[in-house]
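Breakdown of the fold
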Amino acid sequence: MPVREAHSVARPATVPTTYVEQEYDELAIEQLREHAAVGEEEATKPAVGAAGAALVRQVRQDRITINAPLVVASRDRYQHVLERLGPFSKRKNGSRWGYLLCLVLLLLGDVAGLGGAAIAYGEVPALAIMQAISASVATVVAGMIGAEFKYLKMARERRPEDGTLPEELEPYRALLLGPLASRSYVVVASLISLLVAVFIALGIFALRGSVEGHISGMVFGALAIGIACGSWVNSFRYADAVADKIESARQDYQRELRTQQAAVHLWLTSRAERATERARLIRERHRLHGEAAAAKIKALKFEALRQSPDVVGHGIGTGDIGRKPRSNGKTDSKGRAS
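The sections below set out a description of the structure shown in this document. Quick caveat, the model's predicted, so the values are computed rather than measured.

To continue, consider the nonpolar core. Residues Val81, Leu85, Leu176 and Ile246 are the most contacted members of the largest nonpolar core, which totals 13 residues. Taken together, the elements giving at least two residues each to this core come down to helix H3 (54-85), helix H7 (173-177) and helix H10 (241-264). When sequence neighbours within four positions are dropped, the list of residues in contact with isoleucine 246 reads Tyr78, Val81, Leu82, Leu85, Gly86 and Ser89. By size, the runner-up hydrophobic cluster in this structure holds seven residues, among which are Leu114, Ile200, Ala201 and Ala224.

As structure tokens, then:
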């Protein structure tokens, strides 16, 4: 049925706060503090663990801060080298693995020939294998002089008729055009490499010949020369000084990135970060529970006030919202402000 008439009484200004309200307010504060205390108790273990790793976290942060400029500098250097020298690079990406595979296969073949000959001659197998590895490495390394010939060839192809370079390429003149003094160096190094291959072939020929005959000695001696020549061809095919420069800059950049990532993902600091976040979440959860409990207490307080309108009225007057009620000093027989 529609309401014909309604009356409400404003809260008396002479009693701004009752004991009941103070009681409920203190109970609400108790709930906040109680839940906060429980949260601190549950967060003690992860908080202590995080505090124990505080020094490591600080050191890690310092490492990240120090290494950040190095990452930027190596990245800029790599981009600069790639932009300037990229058009002059002829070696394809990924060919390095083919070069290394050929090098390993050549080395294994030479070790097998030398080691088998030494063992057949009567040498102790362990000593024979070690000596074979040493001689095989010398043979393969002797063939690496082919890279120097490739450098000279590519420098001669890049050399302009007037011998000038654009201004942005001047810092790379020696890399692109090659120093003139390098030719005599390549000749001397080639002679030394040839002597290495010849001496090893003669040694294999004498060793195999004394055990298995001259034909076997000639075969394995020729194989030693062939392995050295194969190493020369492999080095010549792979060599590219410009590509090496670009690859070196890229590796420097990747190394700085790995250093940065290692500092970021250090397991102890990651564990400390997780412990810190766990402690924060525990405190936050109990803080929210405390606020919810305090809000419940406040709701009970207003419920108690609502049940006693003859004492505290039905609510705060319209003109008194946001401030304490004022009284004109007159009250009725029940103590209500007039």
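This part takes up the packing of aromatic side chains. One pass over the structure, following the stated rule, counts four aromatic pairs. Aromatic pair tyrosine 78 and tyrosine 253: ring centres 6.4 Å apart, planes at 20°, arrangement stacked. Within this pair, whereas tyrosine 78 is found in helix H3, its partner tyrosine 253 is found in helix H10, the two being separated by 175 residues in sequence. Three or more aromatic residues joined by ring pairs form one cluster here, namely Phe149, Trp232 and Phe236. The ring of phenylalanine 236 carries the charged tip of lysine 150 above its face, separated from the ring centre by 5.3 Å. One residue, lysine 301, lies across the ring of phenylalanine 302, its end atom 4.9 Å from the ring centre.

Together, Lys45, Arg271, Arg274 and Arg278 make up a region of like positive charge exposed at the surface. On the secondary structure map, arginine 274 appears in helix H11 (residues 267-306).

Running from amino to carboxyl end, helix H6 (residues 146-158) crosses helix H9 (residues 214-238) at an angle of 35°, the nearest separation of the two axes being 7 Å. Crossing hand, H6 versus H9: right-handed. Here H6 contributes Gly146, Ala147, Phe149, Lys150 and Lys153 to the contact with H9, which in turn contributes Trp232, Ser235, Phe236 and Arg237. For the contact of H6 with H9, a count of residues per class yields four nonpolar, two polar and three charged.

Cut-off values and rules
- Residues numbered from 1 in each chain as written.
- Predicted model: local features only at pLDDT ≥ 70, side-chain atom pairs only at ≥ 80, totals over all residues.
- Heavy atoms only, no water.
- Core = buried A, V, L, I, M, F, W, Y, C linked by side-chain atoms within 4.5 Å.
- Buried < 20%, exposed > 50% of the residue type's maximum accessible area, 1.4 Å probe, protein only.
- Helix = DSSP H or I, 4+ residues; strand = E, 2+ residues; numbered from the N terminus.
- Contact = heavy atoms within 4.5 Å.
- Phe/Tyr/Trp six-rings, centres within 6.5 Å; stacked < 30°, edge-to-face > 60°.
- Lys NZ or Arg CZ within 6 Å of the ring centre and 35° of its normal.
- Patch = residues over 30% accessible without salt bridge, like charges linked within 9 Å, V, L, I, M, F, W, Y side chains within 5 Å.
- Areas by Shrake-Rupley, 256 points an atom, 1.4 Å probe, with all protein chains shown as cover.
- Salt bridge = Lys/Arg side-chain N within 4 Å of Asp/Glu carboxyl O.
- Lys, Arg positive; Asp, Glu negative; His and termini not counted.
- Charge placed at Lys NZ, Arg CZ, Asp CG, Glu CD.
- Axes fitted to C-alpha atoms, helices over the stretch in contact; angles between N-to-C directions.
- Left-handed = near helix turned anticlockwise from the far one by under 90°.
- Nonpolar A, V, L, I, M, F, W, Y, C, P; charged D, E, K, R; others polar.

In short, shape yes, function no, at least from these values alone.
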